[in-house]
Protein chains: 2
Amino acid sequence: MALIVQKFGGSSVADAERVRRVAGIIADTYAEGNDVIVVLSAQGDTTDDLIEKAKEINPNPSKREMDMLMSTGEQISIALMAMCLEKMGLPVISLTGWQIEMKTNSDYSNARIKKISTERIRNEIGKRRIVLVAGFQGVNKYDDITTLGRGGSDTSAVAIAVAMNADVCQIYTDVEGIYTADPRKIPGALKLNEITYDEMLELASMGAQVLHNRSVELAKKYGVEMEVLSSFVRKPGTRVREVMSSVEQRFISGVAKDTNVVSFALMGVKDEPGVAFKIFRRLAMEKINIDIILQSVGRGHTQDISFTVASSDREKAEQVLVANKASIGYEKLNVTEEVAKVSVVGAGMMSNHGVAAAVFEGLYNAKINIIMISTSEIKVSVLVNEADADRAVAAIHAKFFE
Amino acid sequence: MALIVQKFGGSSVADAERVRRVAGIIADTYAEGNDVIVVLSAQGDTTDDLIEKAKEINPNPSKREMDMLMSTGEQISIALMAMCLEKMGLPVISLTGWQIEMKTNSDYSNARIKKISTERIRNEIGKRRIVLVAGFQGVNKYDDITTLGRGGSDTSAVAIAVAMNADVCQIYTDVEGIYTADPRKIPGALKLNEITYDEMLELASMGAQVLHNRSVELAKKYGVEMEVLSSFVRKPGTRVREVMSSVEQRFISGVAKDTNVVSFALMGVKDEPGVAFKIFRRLAMEKINIDIILQSVGRGHTQDISFTVASSDREKAEQVLVANKASIGYEKLNVTEEVAKVSVVGAGMMSNHGVAAAVFEGLYNAKINIIMISTSEIKVSVLVNEADADRAVAAIHAKFFE
């Protein structure tokens, strides 16, 4: 018997049949004697319908009114799921963000959770009711509805798990857990039984968008254990926790690629102090995140500085660099989108110096050229040509797992 | 400059084009310097979609969860209308039932309003914002969402007008006002400039379902003036108030028919005290409302008792009478649905004794047989064969208005 928070995404509750399947999972968890809190996202098509309705009337609505509109999606989901569980004869109650006093700041469409009142949830759990909570939404101090932005329902679920001191926060998705690589592309990809928060954060920041970073950061901060598992297949998924409980020696958790990367190269930058500072301060002022940075060794009086940014920031970054060409002082700007970042993540890396070498060896054997390299305590990333990315993932994955 | 509450129904906000038209009306009212509070219903198709989604999952959901679901419809309407007004550059804010603390009892799906906190609305009006309020919905003392049942948005609008001491509560519909008869059937029907609450109540209880009785009763109780007008045509509608301001002599406000009537005849009932009591107590216990009652003069030891009920109560009423045949003691039960109630309503009737006679004369000239007669201070109703109903309305209307 435990207190379990379960979160189901939009595709898991997309239609009546899926609602029934999810209700079956909830009912089984409850029947095992657990207290169950369920966080739901909006049905996939509901979200699309609402956005379309809004755009037809105003392509640039205020974020406050957009949140007022969008928050109805999760409310619809919880009401429908409640009806489904009622039909199965189970005691259930649905609650919106404001009803559980999910207090946030006033940053509409991207609000941060400040506090959750657990009183209402505790009362309902005390009556042995299954509690369904609308994810993604909260209220600010004016009692206006806010939404949490991307990955919001995961964050709602973890925040409730933290507030309620739940035993685990289960995130149901359409995959069976976290894999050592994308299983659709790497047939030998292995499902992990467990992974650390830090590894998950590094993987999530790349292509492996199973969990949103905000939710993992919150879980790590308060030590709430998460589990990623499938709403289609009934078997254990991947546990996300601070330290591995397994005695198995595993240096690496996964290999992933990120193709939403653009590389910028500033050629012929003066080789003098303060140049890098000038460049990256300008970009930081525009809130552009820089990823890998490569500064060449100077040749005479000039050097080259290369770096990568997310594709979504390409235009802004280019504008900044072009507008400040004179003050930065560079000869030429090269921008290329045909690159990909391939990363190997593993908490075990810290105590094993051979990981980076093995990555390079794998790529060398596959004859793949490395454009840039970046390492952190638990990650080795390389920038390669986009055309080589899938082969690079396969080569590195084979090196460690096959 | 006045404080005006405007209510627009589901068909007035059914799609983007209609939302824009209604926004135009609101904008004009605001531009004239008025403070404007707008109450909106759910878009027609939204309501249907939500009901369908629910039925697919559970044909008999709890009323609490149904209210949780349905209340999203009005929330969608207010958000979309806010976006439309924003696009026009107007200051606007949308508010749900719980945000204005529209407190109700816990009778889900048919809740009664207990209290409205005017604080939030006053604050927003004070900032010269147009305030959009979700109709039809409230919250009970547990902070659970309730809905007000049929005609709920009209009732929300009047309740807000009462709480805010508004100058008028305008109810926008798809007709231009209240007519002396159904203008689709009686070409000579006249639009009324004004009508009393009591006349409106009598007319609404019949076919003329422009305003729901609950809203009119509330307006009458607190003396809030209402106006029924069209959201398609820009001209004054019909004012609903306590006393006519017009000096014109008008005895009659309108003629209407109601075909949702069933007549019951109990033949051969014993002619002794207590029989009527027995019959109508049984029906009252089942919450069946009786309309016209006709008790024949006794012939020997037996008499006949006839009465009408709404069509929706037919089955229940029949079951009660059949089950209690022995204790009531009647020989035969005749039930017929092929009847209609035609009524003439007018506050001026009280001081004019010729109205009933004129009704009968009109029907006699048209050779229409009267089955039953019922009169109140401001109404004369006759039960006729359903086939004669339209002719009866035309004949009576011609007698008074043409």
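This one's a predicted model, so the numbers in the text were calculated from it and none came from an experiment.

Criteria and cut-off values
Residues numbered from 1 in each chain as written. Chains lettered and ligands numbered in written order. Predicted model: local features only at pLDDT ≥ 70, side-chain atom pairs only at ≥ 80, totals over all residues. Helix = DSSP H or I, 4+ residues; strand = E, 2+ residues; numbered from the N terminus. Rg over C-alpha atoms; globule rule 2.2 N^0.38 Å. Buried ≥ 20, exposed ≤ 12 C-beta atoms within 10 Å, placed from the backbone. Contact = placed C-beta atoms within 7 Å. Nonpolar A, V, L, I, M, F, W, Y, C, P; charged D, E, K, R; others polar. Expected span 1.5 Å × (residues − 1). Arc of directions from axis to C-beta. Pairing = 2+ DSSP bridges. Axes fitted to C-alpha atoms, helices over the stretch in contact; angles between N-to-C directions. pLDDT = per-residue confidence, 0-100. Least-squares fit on C-alpha atoms with pLDDT ≥ 70 in both.

## Things to note about the overall build of chain A
Argument step 1. Looking only at helices and strands, chain A features 12 helices and 20 strands.
Argument step 2. Here chain A has a C-alpha radius of gyration of 24 Å; the compact-globule value for 402 residues is 21 Å, and the two agree.
Argument step 3. The buried share of chain A, reckoned over its 402 residues, is 49%.
Argument step 4. Residue pairs in contact within chain A that sit at least 24 positions apart in sequence constitute 75% of those at least 6 positions apart.

## Quick look at the environment of Glu225(A)
Residue and element names in this part refer to chain A.
Argument step 1. As for its position among the elements, Glu225 is in the loop between helix H7 (213–222) and strand S11 (226–230).
Argument step 2. Along the primary structure Glu225 and Val162 are separated by 63 residues, whereas in three dimensions their C-alpha atoms are 9.7 Å apart.
Argument step 3. In this structure, Glu225 is in contact with Val168, Arg239, Val240 and Arg241, ignoring residues within four places of it in sequence.

## Description of the interface of chain B and chain A
Argument step 1. Every contact between the two is made by 26 residues of chain B and, on the other side, 26 residues of chain A.
Argument step 2. At the level of secondary structure, the elements contributing two or more residues to the side of chain B that touches chain A comprise helix H1 (16–31), helix H2 (44–57) and helix H3 (63–87) of chain B.
Argument step 3. Counting residues per element, the side of chain B that touches chain A draws most heavily on H3(B), which supplies 13 residues.
Argument step 4. Per-class residue counts for the side of chain B that touches chain A are 14 nonpolar, 6 polar and 6 charged.

## Description of helix H11 (residues 354–365) of chain B
All names here are of chain B.
Argument step 1. In a regular helix each residue adds 1.5 Å, so 12 residues correspond to 16 Å; H11 covers 16 Å between its end C-alpha atoms and thus fits that length.
Argument step 2. Looking at H11, one finds that the buried residues are Val355, Val359, Gly362 and Leu363. Each buried residue of H11 lies within a common arc of 95 degrees when the element is viewed along its axis, so the set occupies one face. Among the exposed residues of H11, those pointing more than 90 degrees away from its buried face are Gly354, Ala357, Tyr364 and Asn365.
Argument step 3. Elements that come into contact with the buried residues of H11 comprise strand S18 (339–345), strand S20 (379–385) and helix H12 (389–401).
Argument step 4. Downstream of H11 by a residue or two, Lys367 has a phi angle that is positive, lying close to 60 degrees.

## Observations regarding the sheet that holds strand S13 (residues 254–258) of chain A
Residue and element names in this part refer to chain A.
Argument step 1. Pairing within the open sheet is antiparallel, and its 4 strands lie in the order S13-S18-S20-S19. Looking at which strands have only one partner, the edges of the open sheet turn out to be S13 and strand S19 (372–376). Direction aside, the axes of adjacent strands within the sheet are offset by 20 degrees on average.
Argument step 2. Across 7 bridges, the pairing between strand S18 (residues 339–345) and strand S20 (residues 379–385) is antiparallel.

## Remarks on the confidence of the model for chain A
Argument step 1. Mean pLDDT over chain A: 91, with 96% of residues reaching 70 or higher.
Argument step 2. Here the predicted complex carries an ipTM of 0.83, next to a pTM of 0.84.

## Quick word on the relation of the copies chain B and chain A
Argument step 1. Screw-axis analysis of chain B against chain A gives a translation of 0.0 Å along the axis, an RMSD of 0.1 Å, and a rotation angle of 180 degrees. These values place the two chain copies in the arrangement generated by a two-fold rotation axis. The rotation axis passes nearest to the C-alpha of Thr72(B) in chain B, at a distance of 2.7 Å.
Argument step 2. Take the interface residues of chain B: 100% of them recur as interface residues in chain A, which is what a same-surface contact looks like.

## With respect to the sheet that holds strand S16 (residues 302–310) of chain B
Residue and element names in this part refer to chain B.
Argument step 1. One open sheet holds the 4 strands; their spatial order is S15-S16-S14-S17, and the pairing between them is antiparallel. The open sheet terminates on both sides in strands that have one partner only, identified here as strand S15 (290–295) and strand S17 (332–336). When strand polarity is set aside, the average angle formed by the axes of neighbouring strands in this sheet is 15 degrees.
Argument step 2. Sheet topology note: the S15/S16 ladder contains 4 bridges and is antiparallel. Note that in S16 the partner of Ile293 across the bridge is Phe307.
Argument step 3. Lying on the sheet, helix H9 (residues 314–323) is in contact with strand S14 (261–270), S16 and S17; it crosses S14 at an angle near 10 degrees.

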